[in-house]
Amino acid sequence: MHPGGILEVITGPMFAGKTTELIKRIERQIFAKRKAALFKPAIDNRYSEREIVAHNGLRYEAFVVPATVEGVEKIREITLEGNYEVVGIDEVQFFPMDIVGVLNELADRGIYVIASGLNLDFKADPFPVTRELLVRADNIIYLTAVCTICGRPATRSQRLIDGKPAPRDSPVILVGGRESYEARCREHHVVPD
Ligand code: ADP
Ligand code: MG
């Protein structure tokens, strides 16, 4: 069941089922009586520890850590001090590049590491953290969503502002937040200049 120390990367666009796949894999390890931890980046800088209850009643710890160098160090510390055998990280692309070395080290130490993260940003540029994890991965799960325009497999995340494709130079964070995202295929992904 436990594959040994490996780095597994789940990637793809928004709505591809990355979080679902991560939880499924963590749950399977818990069924196999492995000590598993799930980490998520916090939007703000608070650190909290909480228990997640899966739909089937299984309980396991989830740690919400800041998306900073300190947060990455926290992941390393909690994993090693807690003697975790399996570690899952969701939204991995939001962590600083230090996460790559830490996850690689944890895998070298025999831990089964599952990192889930977006492949490309709204401009279809790679998220550097995901890219660096992908080339070091022992196993890659590349998921696609369904294109909202044509129904073909979607590999990209379309950002919309007031229902229109977001221009290349649009701000990363929008005041008022009148934005949304859709899964799109290569043909229907639009980034106006
Ligand atoms: P991710 O973590 O990759 O964003 P989730 O695991 O949170 O994905 O959610 C995947 C779910 O999103 C699918 O099972 C489906 O119910 C839903 N969904 C919504 N829009 C789409 C879409 N365009 N293509 C595929 N699934 C979609
Ligand atoms: Mg997700």
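Caption draft 1: Up close: the site of ligand 1. Neighbouring ligand 1 are Pro13, Met14, Phe15, Ala16, Gly17, Lys18, Thr19, Thr20, Ala145, Val146 and Ala183. Within the backbone of Ala16, an N or O atom sits 3.1 Å from an oxygen atom of ligand 1. Gly17 places a polar main-chain atom, nitrogen or oxygen, 3.0 Å from an oxygen atom of ligand 1. Surface burial for ligand 1 is 56%, taken as the share of its 590 Å² of free accessible area covered by protein chains. When its residues are assigned to classes, the shell around ligand 1 shows seven nonpolar, three polar and one charged.

Caption draft 2: Spatial organisation of unusual backbone geometry. The phi dihedral of Phe15 falls on the positive side, at around 70°, and the residue is not glycine. Within the secondary structure layout, Phe15 lies in the loop between β1 (6-12) and α1 (18-31). You will see that Glu91, though not glycine, has its phi angle at about 55°, which is positive. Note that Glu91 resides in the loop between β5 (86-89) and α3 (98-108). Looking at Glu91, the relative accessible area reads 32%, which means it is partly exposed.

Caption draft 3: Looking closely at the packing of α3 against helix α4 (residues 128-136). As a packed pair, α3 and α4 sit with axes 9 Å apart at the nearest point and diverge in direction by 25°. When the axes of α3 and α4 are compared, the pair comes out roughly parallel. Taken as a pair, α3 and α4 cross one another with a handedness that is right-handed. On α4, the residues touching Ile99, Val100, Leu103 and Asn104 of α3 are Val129, Glu132, Leu133 and Arg136. Of the residues that constitute the contact of α3 with α4, the class distribution is five nonpolar, one polar and two charged.

Caption draft 4: Broad picture of the state of the cysteines. On inspection of all chains with the given rule, the structure shows zero disulfides. Between Cys150, a cysteine without a disulfide, and Cys147, which holds the nearest cysteine sulfur, the sulfur-to-sulfur distance is 3.8 Å. A relative accessible area of 32% means that Cys150 is categorised as partly exposed.

Caption draft 5: Examining the side chain of Thr79 more closely. As for its position among the elements, Thr79 is in helix α2 (residues 69-81). Among the polar contacts listed, one links the side chain of Thr79 to the backbone oxygen of Ile75, at a separation of 2.6 Å.

Caption draft 6: Seen up close, the nonpolar core. Judged by nonpolar contacts, the single largest core of 26 residues is most densely connected at Phe39, Val92, Ile99, Leu103 and Leu133. Those elements that provide at least two residues to this core are β1, β2 (36-42), β4 (59-66), α2, β5, α3, β6 (112-118) and α4. Broken down by element, the residue count for this core peaks at six residues, all from α3. In this structure Ile99 touches Val72, Ile75, Val92 and Val129, once residues within four positions along its chain are discounted. Ile10, Ile26, Ala62 and Ile141 belong to the second-largest nonpolar core, a separate cluster that totals 19 residues.

Caption draft 7: Spotlight on the sheet that holds strand β12 (residues 179-184). Taken in spatial order, the three strands of this open sheet run β11-β10-β12, and their pairing is antiparallel. Pairing within the sheet leaves two strands with one partner each, and these edge strands are β11 (164-165) and β12. Where strand β10 (residues 156-161) and β11 come together, two bridges link them in antiparallel fashion. Across the sheet, the residue bridging to Leu160 is Pro165, located in β11.

Caption draft 8: The arrangement of the packing of α2 against α3 in detail. The interhelical angle for the contact between α2 and α3, taken along N-to-C directions, is 10°, at an axis separation of 9 Å. Overall, the two elements α2 and α3 adopt an arrangement that is roughly parallel. Taken together, the residues of α3 that come into contact with α2 (itself represented by Val69, Val72, Ile75, Arg76, Thr79 and Leu80) are Asp98, Ile99, Val102, Glu105 and Leu106. Looking at the contact of α2 with α3, its residues break down into seven nonpolar, one polar and three charged.

About the cut-offs
Residues numbered from 1 in each chain as written. Chains lettered and ligands numbered in written order. Predicted model: local features only at pLDDT ≥ 70, side-chain atom pairs only at ≥ 80, totals over all residues. Heavy atoms only, no water. Near = heavy atom within 4 Å. Polar contact = N/O pair within 3.5 Å; in protein donor to acceptor, adjacent residues only side chain to side chain. Areas by Shrake-Rupley, 256 points an atom, 1.4 Å probe, with all protein chains shown as cover. Nonpolar A, V, L, I, M, F, W, Y, C, P; charged D, E, K, R; others polar. Helix = DSSP H or I, 4+ residues; strand = E, 2+ residues; numbered from the N terminus. Buried < 20%, exposed > 50% of the residue type's maximum accessible area, 1.4 Å probe, protein only. Axes fitted to C-alpha atoms, helices over the stretch in contact; angles between N-to-C directions. Parallel < 35°, antiparallel > 145°, perpendicular 65-115°, else oblique. Left-handed = near helix turned anticlockwise from the far one by under 90°. Contact = heavy atoms within 4.5 Å. Disulfide = S-S within 2.5 Å. Core = buried A, V, L, I, M, F, W, Y, C linked by side-chain atoms within 4.5 Å. Pairing = 2+ DSSP bridges.

Purely spatial values, then, with no claim about function.
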